[in-house]
Amino acid sequence: RRTRVCACWSAMGIVVKGGSDGRTLVLAVAKLSNVPLAEEPSSGAGQVTLCETSSKNEVVAEGGAAAARLLLARSGTKTKVCMTAWLDTADELARLVKVWTEDGAGAVQPVVAVPSETRKAVARAALEARLKQLEAHLAGGKGSLLGGAPGVADAAVALALAPLYAKVLGPAARASTPSTATWLEGCMAKLPLQAEGFTLCATDGAWAPATASAAPGAAGSASGGSAEVQAAVAAVAAQGEKVKSMKASGAGKDAIKAEVDKLLALKAKVAELGGEVTPAPSSKEKGKKGEAAPAAKADESGEKKELDPDKEAKRLEKLRLKEEKKAKAAAKAAKAAEAAAAPAQPKEKKKREKKDAGEDEALKEALEKALATPKGDKKVLSADMPKAYNPQLVESAWYEWWEKSGHFAPKMGSPKPKFVIVIPPPNVTGALHIGHALTNSIQDTIIRWRRMSGYEALWVPGTDHAGIATQTVVEKKLMREKGLKRQDLGREQFVAETFKWKNEYGNKICNQLRRLGSSLDWSRERFTMDAMLSKAVQAAFLKMHGKGLIYRDNRLVNWSTRLNTAISDIEVDYVDVAPFTMMSVPGYADQVEFGVLTSFAYPLETGDGEIVVATTRVETMLGDTAVAVHPEDPRYAHLHGKFVVHPFNGRRIPIITDAVLVDMSFGTGAVKITPAHDPNDFETGKRHKLEFISVFTEDGNINHHGGAQFEGMPRFKARVQVVEALQAKGLFRGKEGNEMRLGLCSRSKDIIEPMLKPQWWVSCGQMAADACAAARDGRLEILPKFMEATWFRWLEDIRDWCISRQLWWGHRIPAYYVTVEGEPGTEPGTSSENLKSWIVAPDEAAALAKAQAAYPGKKVSVKQDEDVLDTWFSSGLFPFSVFGWPDQTPDLAEFYPTSLLETGHDILFFWVARMVMMGMCLTGQVPFKQVYLHAMVRDAHGRKMSKSLGNVIDPLQVIEGISLKDLQATLLTGNLDKKEIAKAAEGQAADYPDGIPACGTDALRFALCSYTAQGRDINLDILRVNGYRQWCNKLWNAIRFAIMNLGDGFSPSAGLDVGKLPLACRWVLSRLNHANGTTATAMGKYDFRTATDSVYHFWQYELCDVFIELVKPVAAAGNAALLQTYREALYRCLEQGLRLLHPFMPFVTEELWQRLPRMPGVCDGIASVSLAPYPEADQAYEAPQAEKTMQALQAVIGAARSMRGSYSLTKQRPPLYVLCRTDEAAQLLASGTAEVACLGSAESVAVIRSASEAPEGCAQVVVNGEVTLFMMLKGMIDPTAEIAKLDKKLGMLAKSLSSLEFQMGMADYEQKTPENVRVANAEKKSTLLAEKAATEAAKVEMQKFAV
């Protein structure tokens, strides 16, 4: 096949060998390069002509990429070197992909025939190599190959790979290239590649065996297509890759054996699931399966075709195997040489292994002892600290002791200031997720800090009854275990069954909160349906109804036909739907089409015309009661006040005018009105006093108002039948695509149906105005400040709140429907309901008394409303109902209003605003003084947490660790379908190939707090959490060092004359003081990032990296008096540092603080660090001169370390000579030569005043304008080898500069290159030139040593 392409601006055409893909790429290149192309009809079989040309003017290009280069050249665009390379890659990929996607039918046959199986295997090897390179290039979420927006290079490579990813690579096969798959989907969606309908391959086929066999013994394909099997196979593939990587890196045999054992276990799991792991055939097996070579084929011209991809693929594969073999041989030789040079190594290894075994045994013994601590008893610490930090050991027993000892309960009547938080009550059905972990880490950090800062701090725990969620769980359990529906039990027995479930399973999340170290006062734990809170709910309803704020009305609600209840706005998920989208809907076997605008005609009553309307929900026309037109639309002026006739029931439908609803420029300018099933139509119906006809049952079927022809049909099946009926009557006028938003029930995923229902409503207007006023006058502070605008915008545009829910589990509404004997009966909850027949009362007796008073002399009966209140109603009372309101209890008097409400910004409106409105309405006070809204947690790639993506992580999985196999097994316990499980397993394998390491609670809490910045989303990287777990080990070792050096009898002095301490001690105490002040200030602002940075910086970079290193030579020197001063400073840093860190890391700080002696006069008699005073800035510790001196010393130390790295010095300790050009610099440096020698790894340090004082053989570096450092290198380095390294570096710099200068030197560079790219290139060139100059200078210096 040949594709002829020509640009309008040239008479010369380009003929592309390769068919439609070549044409598509050239069209894309033309569009991306702004080259106009005129398309003409196809001429000739197998040809597509773009602009008529004569054959003699044609240029033949082999493949679309070659044609793209020609087209770019014709357009005057200079093809960059990197773009050319990608176009070449695209050609190579296209040839290799054809071997797998064309099944030999359309593929060009090579001159020398090769068996198809061998051709595929060879092509596969080459493709894998290219895909690995591409994956590495796109890692980190890059959206294009060359940076910026996707362009020509992306189009070429994407077109080449699209068939492979669409037809061959299934989920398991794509596990190794997640970034490439994401990039490809983006390209096919964004670029002009005619890729409508492109989707990734959903099943693993022939490629799967080879995918797994890339690692020894790994899986290739699984027989059986279940999602569980696919997830297991994906785990096998990931483990196989790990084994391969370990072998390639020369890992130890024992380590490899352990991983191979895991691989075998994963294979066994696949077998248990009924799957099959098929290893790829070995090279010998491939040879045995060889096919007879057919004769070489020739094309129509008689010329033999050139060799397809096979030769090139074979060459690449041979080269890869050769390099791999050489690498293995080199590694083996190096290992042998190392062994020969160190014959004692086996003994050392055995000695080390014996030592490690001893340490493991000691840790095991300590862990068993800690876990055996009786619940609530204080942990007895072992005399000898384990050599390494172990989170399981550290976190055991402490929480139970804190709780039993009452450390979390405030003292009633205390004169201390109060600080009170109520927990955002999690659903009783819930399990801990990362959002809970963030919320509770922040809240516990705040409450522990306030408790340590002298407040009576109270954090009230509780759970929410979660009406819909809990009822759904219990109903499913009843059906699963007993085959019963709730109706089979009756309301009373069902509620009892639900309470039983709650007591048995519903407190799981509370126990998980304990694992997070949450210092909640469990003696005040509340449940939104316990007796005290239920009393508050009833009192609130009665009081608000008495004020006229709660009323009954027949209005539209969000109706879930699957749950058979109205739901709140927060429980509706809105999705954007593209035109002509097929979607799965619960309860329907076939998919339903959305995104369609259907037009049909209503015949005029007079019979002399029609009016055409359009709708996305044609089934609702059964309830139409008007057609609206714009009063100023001349097309319909003659129809004002006329009628049309409903085609199915003959109902007369008026034509009304409405300027509010109708946009005469949209569609036909005529709008059908269904007041009972559309919010806009509802308002129109009220304005024009139209009839409200509901045509759906609560189950979503057509009711009797829809007519006998459609009655009983499910609504979306009726949609199809209505269209067919309209067609039969000749009234159907067509359909067109229409983008739309669709509301889904967040729990059932059903399509929300607007339904007209009599319900109880809360009038929110005045309460919202009061809440706005509180924020404006300062009674309520919203943080971060910029969220105030959102607060005002929502409250000022608030709608009334529907609080009725058609459930059995919840607070039953205290309202009673009155029936008068002898009068026509009406049914509550239906359209026949008499809204005036309701009486609100605390119980049935009171309701009956009110009814008798309202209907004197008549026989009346009352029946309580079957509905319950929206869960958010009781949650809105939580800040004061937990303290016993409406009763005036001691708790209410002492702890209300509360101090702070901390939560995520996603529930600002649905919960926070309602608490403020209801609190002010019912108590006359704002329920809390501050609202702090934290950011939302996303994954490391910035994606929203979603079960279908596999990125939802249980915090306990981070705390305790989990293997990839077990992590993927959790996908099988949820409600994901097979495709979603496979996709999620693929995502988990990409993000956690080795599973999640056990990080511990402290590391997770600290990471979450350190990520927190006001108003920003948190992209949580689990690897960063593991980094903080390693940091805990640093803290552990710091205390171990201190305990060894403080000695058994050390007792800190009550006072300390800081001014008489050595320089290093004055400096570190001054830095401790700075950390104390910075952290406390940041905590007061809820600036957790600054607070954690301050604590971390002090511990890591000032205490551990500097001061502890300076203590070591003092301890070794044996000067007892000097050592004592260092001990005093070290103790204060460690003891205060642990108190400073405690709110963030409660467990490890308690464990370590308990091992230190108490600070006299500060912590006397204090049992726990959680009750110790929080460190504050102390002016006595300030030492600005010491800080200035150490700053000067650290500049020299940093320069010395940099020089050591540049000259590859490891064990050598060269003398240093510090040239000081000013007296002040000389004085500063002379006072700290010991510190410089210690931290700069120098044999000695001398301060000199002239460069001539530095001996020959020194390298030098300018530290600053006053100081230059000389390092003696003579006899310590090999100048020849160093010069060779510098020459190599200069060569690389020259190459980079040449490439950059070529790019910047293009004729159209200034015109066509974006400004930000030009600025970046200029900065890059400046950096390269500076690096080149520095390297040349270093070479000159090194040449002096060579001489």
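Each remark here, short or long, concerns the structure printed above.
An account of the accompanying structure is given in this report. Since the model is a prediction, treat every value here as computed from it, not as a measurement.

**Description of the overall build of the protein**
When its secondary structure is counted, the protein shows 44 helices and 37 strands. Residues classed as buried in the protein amount to 50% of the 1347 residues present. Across the protein, every contact between residues at least 6 apart in sequence was considered, and the portion connecting residues at least 24 apart equals 75%.

**A short note on helix 39 (residues 1184-1206)**
The end-to-end C-alpha distance of helix 39, which contains 23 residues, comes to 33 Å, matching closely the 33 Å that a straight helix rising 1.5 Å per residue would cover. Just past helix 39, the residue Ser1208 takes up positive phi, approximately 55°.

**A short note on the packing of helix 35 (residues 1063-1084) against helix 36 (residues 1088-1117)**
For the pair helix 35 and helix 36, interaxial distance at closest approach is 8 Å and the crossing angle is 170°. Overall, the two elements helix 35 and helix 36 adopt an arrangement that is roughly antiparallel. Residues Ala1064, Cys1065, Trp1067, Val1068, Arg1071, Leu1072, Ala1075, Thr1078, Thr1079, Ala1082 and Met1083 of helix 35 form the contact with helix 36, whose participating residues are Phe1088, Thr1090, Ala1091, Ser1094, Val1095, Phe1098, Glu1102, Val1106, Phe1107 and Leu1110. Considered class by class, the residues forming the contact of helix 35 with helix 36 number 15 nonpolar, four polar and two charged.

**Some thoughts on the pattern of salt bridges**
With the rule as written, the count across this model stands at 53 salt bridges. One salt bridge connects Lys672 with Asp624, and the closest N-O pair in it is separated by 2.9 Å. On the criterion of sequence distance, the pair formed by Lys672 in strand 19 (residues 670-673) and Asp624 in the loop between strand 15 (610-615) and strand 16 (626-629) is long-range, its members being 48 residues apart. Each member of the pair, Lys672 as well as Asp624, carries the same accessibility label: buried. A salt bridge links Asp1105 to Lys1034, with the nearest nitrogen and oxygen atoms 3.4 Å apart. Of the two residues, Asp1105 sits in helix 36 while Lys1034 sits in helix 34 (residues 1022-1046), which places them 71 residues apart along the sequence.

**A look at the packing of aromatic side chains**
Per the stated rule, a full pass over the model turns up 33 aromatic pairs. Between Tyr399 and Trp402, the aromatic rings sit 6.2 Å apart at their centres with planes inclined by 70°, giving edge-to-face as the arrangement. Highlighted residues: Tyr399 and Trp402, both in helix 14 (residues 398-404), separated by three residues, approximately one helical turn. For the pair shown, Tyr399 and Trp402 are each scored as buried.

**Some words on unusual backbone geometry**
In this structure, Pro886 follows Trp885 across a cis peptide bond, with omega equal to 15°. With respect to the secondary-structure elements, Pro886 resides in the loop between helix 27 (878-881) and helix 28 (890-895). Here the residue pair Tyr896 and Pro897 is connected by a cis peptide bond, since its omega of 0° sits within 30 degrees of zero. With respect to the helices, strands and loops of the structure, Pro897 is situated in the loop between helix 28 and strand 30 (898-904). Residues other than glycine seldom take positive phi values, yet Ala466 does so here, at roughly 50°. Along the chain, Ala466 falls in the loop between strand 7 (462-463) and helix 16 (467-482). The backbone of Asn564 shows a phi angle near 55°, a positive value even though the residue is not glycine. When you line up the elements, Asn564 lands in the loop between strand 9 (550-560) and strand 10 (565-567). Relative accessible area serves as the criterion here: at 23%, Asn564 is assigned to the partly exposed category.

**Some remarks on helix 34**
Here helix 34 contains 25 residues, and its C-alpha end-to-end distance of 36 Å stays within 8% of the 36 Å for a straight helix at 1.5 Å per residue. Gly1047 sits one or two residues past helix 34 and shows a positive phi near 90°.

**Re a negative patch on the surface**
A grouping of Asp360, Glu361, Glu365 and Glu368 is seen on the molecular surface, where their side chains present a negatively charged patch. Relative to the helices and strands, Asp360 resides in helix 12 (residues 345-371). On the basis of relative accessibility, which here comes to 52%, the residue Asp360 falls in the exposed class.

The rules we used
Residues numbered from 1 in each chain as written. Predicted model: local features only at pLDDT ≥ 70, side-chain atom pairs only at ≥ 80, totals over all residues. Heavy atoms only, no water. Helix = DSSP H or I, 4+ residues; strand = E, 2+ residues; numbered from the N terminus. Buried < 20%, exposed > 50% of the residue type's maximum accessible area, 1.4 Å probe, protein only. Contact = heavy atoms within 4.5 Å. Expected span 1.5 Å × (residues − 1). Axes fitted to C-alpha atoms, helices over the stretch in contact; angles between N-to-C directions. Parallel < 35°, antiparallel > 145°, perpendicular 65-115°, else oblique. Nonpolar A, V, L, I, M, F, W, Y, C, P; charged D, E, K, R; others polar. Salt bridge = Lys/Arg side-chain N within 4 Å of Asp/Glu carboxyl O. Phe/Tyr/Trp six-rings, centres within 6.5 Å; stacked < 30°, edge-to-face > 60°. Patch = residues over 30% accessible without salt bridge, like charges linked within 9 Å, V, L, I, M, F, W, Y side chains within 5 Å. Areas by Shrake-Rupley, 256 points an atom, 1.4 Å probe, with all protein chains shown as cover. Lys, Arg positive; Asp, Glu negative; His and termini not counted. Charge placed at Lys NZ, Arg CZ, Asp CG, Glu CD.

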